[in-house]
Amino acid sequence: MDNYYIDLEKWQSIYKILYGLKGIRISDKSQTRRFIEAVYFIMRTGSQWRNLPPYYGKWRSVHKRYEHWCRKGIWSLILSVLSNDYDGESVMIDATIVRAHPCSAGYKKDSQDAEALGRSKGGFTTKIHVVVDALGHALRFSLTGGQRNDITQASDLLKGFCKANILADKGYDSQKLISQIQKQDCTPVIPPRSNRKDQRIYDKHIYKERHLVECFFNK
């Protein structure tokens with residue numbers, strides 16, 4: 001199986017981040033790449049771990065290694081480093097709901113918040129809140145129960161951005177959030193709610209680019 005999901009240039013960038021980290025096994029570069037490709041395969045296809053193609057190795061071993069990296073914050077580190085080089089002309093934020101897997105019905109007592117599980121119209125769900133750049137690449141994300149409002153995570157996810165267009169749907173039309181965006185020297189490109197007394201003007205041409213965050217969710 002010679003095809004790779006992650007091209008060579010991007011893989012080298014990832015390995016450069018991993019090189020020198022303590023507590024993880026990456027001395028075998030080809031095996032490490034195969035492991036990361038396996039994780040990408042699972043995330044991209046939505047397949048269960050036990051259905052991982054044998055080419056990537058024993059699924060249980062891959063899953064244990066994946067969980068170990070989760071506990072050490074390796075995946076978050078990779079995202080934070082790679083997202084430093086982003087197209088900051090525009091930044092888009094949105095959220096989507098995903099149905100929880102049937103196995104989640106057995107979550108431990110009082111761990112619902114920690115597991116980002118909640119009840120919504122869609123049933124037992126998790127809500128993914130994501131910020132993407134002008135190219136549709138993920139920069140930041142957070143997980144909550146499916147019943148949480150989209151705007152609850154916006155303030156933290158948008159902190160630190162400067163001199164950018166902030167694109168979002170009217171669900172993010174809050175005066176508190178608008179003020180925060182303006183204080184960060186950013187331009188809010190957010191349609192006003194119909195019941196708003198002060199109907200703000202926004203750039204409808206730039207707003208068309210918001211489809212990139214929807215494309216990200218679809219991908």
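Scroll up to find the structure.
Here the structure is a predicted model, which means the values were calculated and not measured. (Residues numbered from 1 in each chain as written. Predicted model: local features only at pLDDT ≥ 70, side-chain atom pairs only at ≥ 80, totals over all residues. Heavy atoms only, no water.)

**Remarks on unusual backbone geometry**
One non-glycine residue, Lys163, lies in the positive phi region at around 55°. Structurally, Lys163 is set in the loop between α5 (154–157) and β5 (165–167). With a phi close to 65°, Asp185 is a non-glycine residue in the positive phi region. (Helix = DSSP H or I, 4+ residues; strand = E, 2+ residues; numbered from the N terminus.)

**Some remarks on the packing of aromatic side chains**
The full count for this structure, using the stated rule, is 14 aromatic pairs. Aromatic side chains Tyr86 and Phe161 sit 6.0 Å apart centroid to centroid with 90° between the ring planes, which places their arrangement in the edge-to-face category. Taken together, the residues span a long stretch of sequence, with Tyr86 in the loop between α4 (74–82) and β1 (90–99) and Phe161 in the loop between α5 and β5 at a distance of 75 residues. Taken together, the aromatic side chains of Tyr5, Tyr40, Phe41, Tyr55 and Tyr56 make up a single cluster linked through ring pairs. Directly above the ring of Phe35 sits Arg65, whose terminal nitrogen or CZ lies 4.5 Å from the centroid. (Phe/Tyr/Trp six-rings, centres within 6.5 Å; stacked < 30°, edge-to-face > 60°. Lys NZ or Arg CZ within 6 Å of the ring centre and 35° of its normal.)

**Observations concerning the pairing of β1**
Relative to β5, β1 runs parallel, the two being bridged by three bridges. Paired with Val91 across the two strands is Ile166, which belongs to β5. By the bridge criterion, eight bridges tie β1 to strand β3 (residues 123–132) in an arrangement that is antiparallel. Its bridge partner being in β3, Val98 is matched across the sheet by Thr126. (Pairing = 2+ DSSP bridges.)

**Observations concerning the pattern of salt bridges**
Opposite charge on two side chains permits them to pair, given that their charged atoms come into close proximity. The full count for this structure, using the stated rule, is eight salt bridges. Notably, a salt bridge pairs Arg33 with Glu37, separated by 4.0 Å at the nearest N-O pair. A residue pair is termed a helical-turn pair when its members lie 3 or 4 positions apart in one helix, as Arg33 and Glu37 do in helix α2 (residues 29–45) at four residues. Per residue, the accessibility class of Arg33 equals that of Glu37, and both read buried. The salt bridge involving Arg196 is made with Asp173; its shortest N-O contact spans 2.9 Å. Here Asp173 lies in the loop between β5 and α6 (175–183) and Arg196 lies in the loop between β6 (187–189) and α7 (204–207), a separation of 23 residues in the sequence. (Salt bridge = Lys/Arg side-chain N within 4 Å of Asp/Glu carboxyl O. Buried < 20%, exposed > 50% of the residue type's maximum accessible area, 1.4 Å probe, protein only.)

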